[in-house]
Amino acid sequence: MHARDLYFVIPTYRLRDVGETVEAYDEHFRRNGHSPKIIVFDDSSPAAQEKYYPLLERTRTYSDVFYVGPREKEAFTSYIGQRLRDKRLDGLVKNLFRPSYGGNRNCALMYTLGGLVVSADDDMRPYALMEDSLESLDEGEISRGRLHRVNQNGYVRKSFDVLGAFLDVLGKRASDVPANYEAGELLVDTAMDLETNATKGVSRENSLLLRKGSVRSDAVVKMAQTFRSGTNDVDALDFAELFLTNDEQVDPDELNELYVLVNFRPAVTKLNWRMDCGVAGYDNTFGLPPFFPTRLRFEDYVYRLWVRQDQIAAAHVDAAQNHTKSNYMRNPVAAEVFNEEVCNLLKRKIKDTLSHTDELTIGFDYSGEVTAEDAAQSLDKVAALHSRAIEAAGTAQSERADALRLFAANLQKAFYSFEPDFFQQNLLRIADDVVSVIKGSIELWPTLVEICYFEKDRRGLPQVRVNNQKRT
């Protein structure tokens, strides 16, 4: 695989801060002897792009950095529309690549067709927080981690060759991955529900356990990921729980606990319910399925279903990265709790009605219906959290009491005052809209892959090289 076929992409909607991410990974790659093509995919508005793009130009990098922002995406979707020659499809095309969690990643998939691609979110860094006294893992245990108080002693930063770890496995058959890789059916997180990745409640320690099973020797590793420290997939409900149990905390978004890895080891699996697109790599040689184009945070769930195919494998590689959880332009905790409850409902419905998978798509029969029981399952849980916040406010000091009341009010607003019929009605509207967009997008995707595959090799897709300073 030539350097031009190896891509490192950073999907972002926070252009103000992405320069620091670019410089950190560029320096990391140079120290480890890699020179991938670095592309920033930006979901900023044109006004924000004009305001903050000069900050990207002030970066200093060894590698060339390319940029795909609102203007480039507009040119990209316009070209696709010209090739399709059907105005009725313009809406689907725009939804597939619109500013959203899935839309930005779908742009990255098209721009990296034919190569290997490693992706990192804008608040990731190429090091991990590790306990300074490593413990041995148990039989069948792939990783272990614990929560540490911020600024507490007992852990250090450690850096791993991120790209080298991905190149060890991406696009290779399971029989050809390094000998130190464990193999099994899937990984089980002791702190998470298996199929939705929803939290089971705040846990100060968790492990990933390898469930025994066979992986076909000729199965190709199409997706892989590093381990992650920092916040490590902490649900909004966990942040709310930590806020309620810390009598000194005033801001629900404040991060007082860090997830620190105790130890880890790599593994290849037949399935991957632990998919984490923030630290993932993909074999995009012949195309991949689209991320769900949605503003809800479950765009990567498609890959947990798609990887079920016997000829495909997944891997957790021998490296780890750190998530810094930027609160800049992030929704309040109460809004994120609502987001996660909707996502968990849709994940269960889509999984239970999965009908087929193939090289570039999946199919499912769920059409967006939401029952009163579905709504009550979320509403009862969050109403109980609301009651706890109100009760805690009654005994707290004034500043914390105000913060607790505000948090409770935000929960009540996000969940439609906990009125069952109103909540169900709005849940149904959201589910119907999301599912119809996803289904139409998936159906159109293979045609778009074919269009972009040839245009990418022929003339290239719209992008600009960032005119920044080069380091030598």
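Because the structure is predicted, anything quoted here is derived from the model rather than measured.

What counts and what doesn't
Residues numbered from 1 in each chain as written. Predicted model: local features only at pLDDT ≥ 70, side-chain atom pairs only at ≥ 80, totals over all residues. Heavy atoms only, no water. Helix = DSSP H or I, 4+ residues; strand = E, 2+ residues; numbered from the N terminus. Rg over C-alpha atoms; globule rule 2.2 N^0.38 Å. Buried < 20%, exposed > 50% of the residue type's maximum accessible area, 1.4 Å probe, protein only. Contact = heavy atoms within 4.5 Å. Polar contact = N/O pair within 3.5 Å; in protein donor to acceptor, adjacent residues only side chain to side chain. Salt bridge = Lys/Arg side-chain N within 4 Å of Asp/Glu carboxyl O. Core = buried A, V, L, I, M, F, W, Y, C linked by side-chain atoms within 4.5 Å. Pairing = 2+ DSSP bridges. Axes fitted to C-alpha atoms, helices over the stretch in contact; angles between N-to-C directions. Left-handed = near helix turned anticlockwise from the far one by under 90°. Nonpolar A, V, L, I, M, F, W, Y, C, P; charged D, E, K, R; others polar. Expected span 1.5 Å × (residues − 1). Parallel < 35°, antiparallel > 145°, perpendicular 65-115°, else oblique. Arc of directions from axis to C-beta.

1. Considerations on the overall build of the protein chain
So, point 1. Along the backbone of the protein chain there are twelve helices and 21 strands.
So, point 2. For a compact globule of 472 residues, the expected C-alpha radius of gyration is about 23 Å, and the protein chain comes in at 22 Å, within 12% of that figure.
So, point 3. Expressed as lengths along the three principal axes of its C-alpha atoms, the size of the protein chain is roughly 65 × 55 × 50 Å.
So, point 4. Burial status across the protein chain gives 57% buried among its 472 residues.
So, point 5. A separation threshold of at least 6 residues defines the contact pool for the protein chain, and within that pool the share at least 24 residues apart is 84%.

2. Here we look at the side chain of Glu341
So, point 1. Note that Glu341 resides in helix H9 (residues 333-352).
So, point 2. Residue classification places Glu341 among the buried positions, given a relative accessible area of 6%.
So, point 3. In terms of polar contacts, Glu341 uses its side chain to reach the side chain of Lys381, at 3.1 Å.
So, point 4. Ignoring sequence-local partners within four residues, the contact set of Glu341 consists of Leu237, Ser378, Lys381, Val382 and Phe415.

3. Considerations on the environment of Ile39
So, point 1. Counting through the fold element by element, Ile39 comes out in strand E2 (residues 37-42).
So, point 2. Under the relative-accessibility criterion, Ile39 is labelled buried at 0%.
So, point 3. Between the C-alpha atoms of Ile39 and Glu135, which are 96 residues apart in sequence, the distance is 38 Å.
So, point 4. When near neighbours in sequence (up to four residues on either side) are disregarded, Ile39 contacts Tyr7, Phe8, Val9, Ile10, Phe66, Val68 and Gln463.

4. A look at unusual backbone geometry
So, point 1. In this structure, Tyr416 takes a positive phi of about 55° despite not being glycine.
So, point 2. Mapped onto the secondary structure, Tyr416 falls in the loop between helix H11 (398-414) and helix H12 (420-458).
So, point 3. A positive phi angle, close to 60°, is found at Ser417, a residue other than glycine.

5. A closer look at the pattern of salt bridges
Between side chains of opposite charge, a pair can form as their charged atoms come close.
So, point 1. Applying the stated criterion across every chain yields a total of 37 salt bridges.
So, point 2. Its salt-bridge partner being Arg173, residue Asp176 comes within 3.2 Å of it at the nearest N-O pair.
So, point 3. Asp176 sits in the partly exposed class, given a relative accessible area of 41%.
So, point 4. Lys349 is the partner of Asp374 in a salt bridge, and the nearest nitrogen-oxygen pair spans 3.0 Å. Of the two residues, Asp374 is situated in helix H10 (residues 372-393) and Lys349 in helix H9; the sequence distance between them amounts to 25 residues.
So, point 5. Of the residues examined, Asp374 reaches a relative accessible area of 11% and is grouped as buried.
So, point 6. The network of salt bridges with common partners includes Glu131, Glu135, Glu141, Arg144, Arg146 and Glu205.

6. Considerations on the nonpolar core
Generally speaking, soluble globular proteins have nonpolar side chains that are buried together.
So, point 1. If you look at the biggest cluster of nonpolar residues, it comprises 91 residues, and the most contacted ones within it are Phe97, Met110, Tyr282, Phe298, Tyr303 and Phe415.
So, point 2. Here the element with the most residues in this core is H12; it accounts for 14 residues.
So, point 3. Contact partners of Phe97, with chain neighbours within four places excluded, come to Phe76, Thr77, Ile80, Gly103, Asn106, Cys107, Met110, Trp445 and Leu448.
So, point 4. The next biggest cluster of nonpolar side chains, apart from the first, holds 39 residues, and it includes Leu15, Leu163, Ala165 and Val268.

7. A closer look at the environment of Leu346
So, point 1. Within the element layout of this structure, Leu346 appears in helix H9.
So, point 2. Judged by its relative accessible area of 1%, Leu346 falls in the buried class.
So, point 3. Separated by 121 residues in the primary sequence, Leu346 and Gln225 have C-alpha atoms spaced 24 Å apart.
So, point 4. When neighbours within four sequence positions are excluded, Leu346 is seen to be in contact with Leu296, Phe298, Tyr366, Ala431, Val434 and Val435.

8. Points about the pairing of strand E16 (residues 280-283)
So, point 1. Judged by which residues are buried, E16 turns out to be covered on both faces: Ala280 and Tyr282 on one side and Gly281 and Asp283 on the other are all buried.
So, point 2. Sheet analysis places strand E13 (residues 220-229) next to E16, joined by three bridges and oriented antiparallel. If you follow Gln225 over to E16, its bridge partner there is Ala280.

9. What to know about the packing of H9 against H12
So, point 1. As a packed pair, H9 and H12 sit with axes 11 Å apart at the nearest point and diverge in direction by 65°. The handedness of the crossing between H9 and H12 comes out as right-handed. Counted together, Phe338, Val342, Leu345 and Leu346 of H9 and Phe423, Leu427, Ile430, Ala431, Val434 and Val435 of H12 form the full contact between these two elements.
So, point 2. Looking at side-chain class alone, the contact of H9 with H12 contains ten nonpolar, no polar and no charged residues.

10. Considering helix H3 (residues 70-84)
So, point 1. In a regular helix each residue adds 1.5 Å, so 15 residues correspond to 21 Å; H3 covers 21 Å between its end C-alpha atoms and thus fits that length.
So, point 2. What H3 keeps buried is the set Pro70, Glu72, Lys73, Phe76, Thr77, Tyr79, Ile80, Gly81 and Leu84.
So, point 3. Just downstream of H3 lies Arg85, where phi reads positive at about 55°.

11. Some words on the packing of helix H4 (residues 90-97) against H12
Two packed helices can be described by the angle between their axes and the distance between those axes.
So, point 1. It is the contact of H4 with H12, at a shortest axis distance of 9 Å, that shows an interaxial angle of 95°. Considered as vectors, H4 and H12 are oriented roughly perpendicular to each other. Across the interface between the two elements, Leu92, Val93, Asn95, Leu96 and Phe97 from H4 touch Val437, Gly440, Ser441, Leu444, Trp445 and Leu448 from H12.
So, point 2. Its residues assigned to classes, the contact of H4 with H12 comprises eight nonpolar, three polar and no charged.

12. Points about H11
So, point 1. Across its 17 residues, H11 extends 24 Å between first and last C-alpha, which sits within 8% of the 24 Å expected from 1.5 Å per residue.
So, point 2. Buried residues of H11: Arg400, Ala401, Ala403, Leu404, Phe407, Ala408, Leu411 and Ala414, and no others. For H11, the angular spread of buried residues about the axis comes to 160°, placing them on one side. Away from the buried face of H11 by more than 90 degrees, exposed residues Ser398, Glu399, Leu406 and Lys413 are located.
So, point 3. Buried residues along H11 sit against helix H7 (236-245), H9 and H10.
So, point 4. Positioned one or two residues after H11, Tyr416 has a phi angle of 55°, which is positive.

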